[in-house]
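# Tertiary structure, described
Here is what each chain is made of, one letter per residue.
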Amino acid sequence: VSTQSTGGCFQNGGWRYTRRKVHKFLMDPRSSKFATGWHIMDILFICISITLLIMETDPNMSKYFNDESEPIHYWLTYLNVFVIAFFTTDLLVRFCTWP
């Protein structure tokens, strides 16, 4: 049985190299301008998530989350789903690339 890879990012230890680069990107915002942007976006999504949580638990605002007849209901729901998907993807990528 041959243990040589067939190509792509797995060739010549490429997976280890790629994993290290992605891990550094996610853990060190100074590693590149794109990493800095990713971390700023991460912090922005944390603030949005906290704001949505506070809004959802406030009795005056909860109607916008629970009443489907409210025009903003779907926007808030989609925003919440998008933020959760971002965090889930970020966590899975961090888990898969951890050394």
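Residues numbered from 1 in each chain as written. Predicted model: local features only at pLDDT ≥ 70, side-chain atom pairs only at ≥ 80, totals over all residues. Heavy atoms only, no water.

### A closer look at the overall build of the chain
- Per the secondary structure count, the chain includes 4 helices and 0 strands.
- Tracing the chain from N to C terminus, the helices and strands come up as α-α-α-α.
- Looking at the chain residue by residue over its 99 residues, the buried ones come to 21%.
- Put simply, 51% of the contacts in the chain that link residues at least 6 apart link residues at least 24 apart. (Helix = DSSP H or I, 4+ residues; strand = E, 2+ residues; numbered from the N terminus. Buried < 20%, exposed > 50% of the residue type's maximum accessible area, 1.4 Å probe, protein only. Contact = heavy atoms within 4.5 Å.)

### Digging into helix α1 (residues 14-27)
- Here α1 spans 20 Å end to end across 14 residues, near enough to the 20 Å set by a 1.5 Å rise per residue.
- Burial in α1 covers these residues: Gly14, His23, Phe25 and Leu26. Here the buried residues of α1 occupy an arc of 160 degrees about the axis, which is enough to place them on one side. Set apart from the buried face of α1 by more than 90 degrees, the exposed residues are Arg16 and Arg20. (Expected span 1.5 Å × (residues − 1). Arc of directions from axis to C-beta.)

### Section: a nonpolar patch on the surface
- On the surface, Ile46, Ile50 and Ile54 cluster together into a nonpolar patch covering about 270 Å² of accessible area.
- Assignment of secondary structure puts Ile46 in helix α2 (residues 33-57). (Patch = residues over 30% accessible without salt bridge, like charges linked within 9 Å, V, L, I, M, F, W, Y side chains within 5 Å. Areas by Shrake-Rupley, 256 points an atom, 1.4 Å probe, with all protein chains shown as cover. Salt bridge = Lys/Arg side-chain N within 4 Å of Asp/Glu carboxyl O.)

### Some words on the pattern of salt bridges
- Tallying each qualifying case throughout the model produces 3 salt bridges.
- Residue Arg30 is joined to Asp28 by a salt bridge in which the shortest nitrogen-to-oxygen separation is 3.3 Å.
- Taken together, the salt bridges that share partners define one network made up of Asp42, Asp90 and Arg94.

### What about helix α4 (residues 73-97)?
- The end-to-end C-alpha distance of α4, which contains 25 residues, comes to 36 Å, matching closely the 36 Å that a straight helix rising 1.5 Å per residue would cover.
- Elements that come into contact with the buried residues of α4 comprise α1, α2 and α3 (62-66).

### So, the packing of α1 against α2
- Closest axis-to-axis distance for the α1/α2 pair is 8 Å, and the angle between their directions is 50 degrees. Classed by the angle they form, the pair α1 and α2 counts as oblique. When α1 is examined against α2, the residues Phe25, Leu26 and Met27 are found in contact with a partner set consisting of Phe34, Ala35, Trp38 and His39.
- Class assignment for the residues of the contact of α1 with α2 results in 6 nonpolar, 1 polar and no charged. (Axes fitted to C-alpha atoms, helices over the stretch in contact; angles between N-to-C directions. Parallel < 35°, antiparallel > 145°, perpendicular 65-115°, else oblique. Nonpolar A, V, L, I, M, F, W, Y, C, P; charged D, E, K, R; others polar.)

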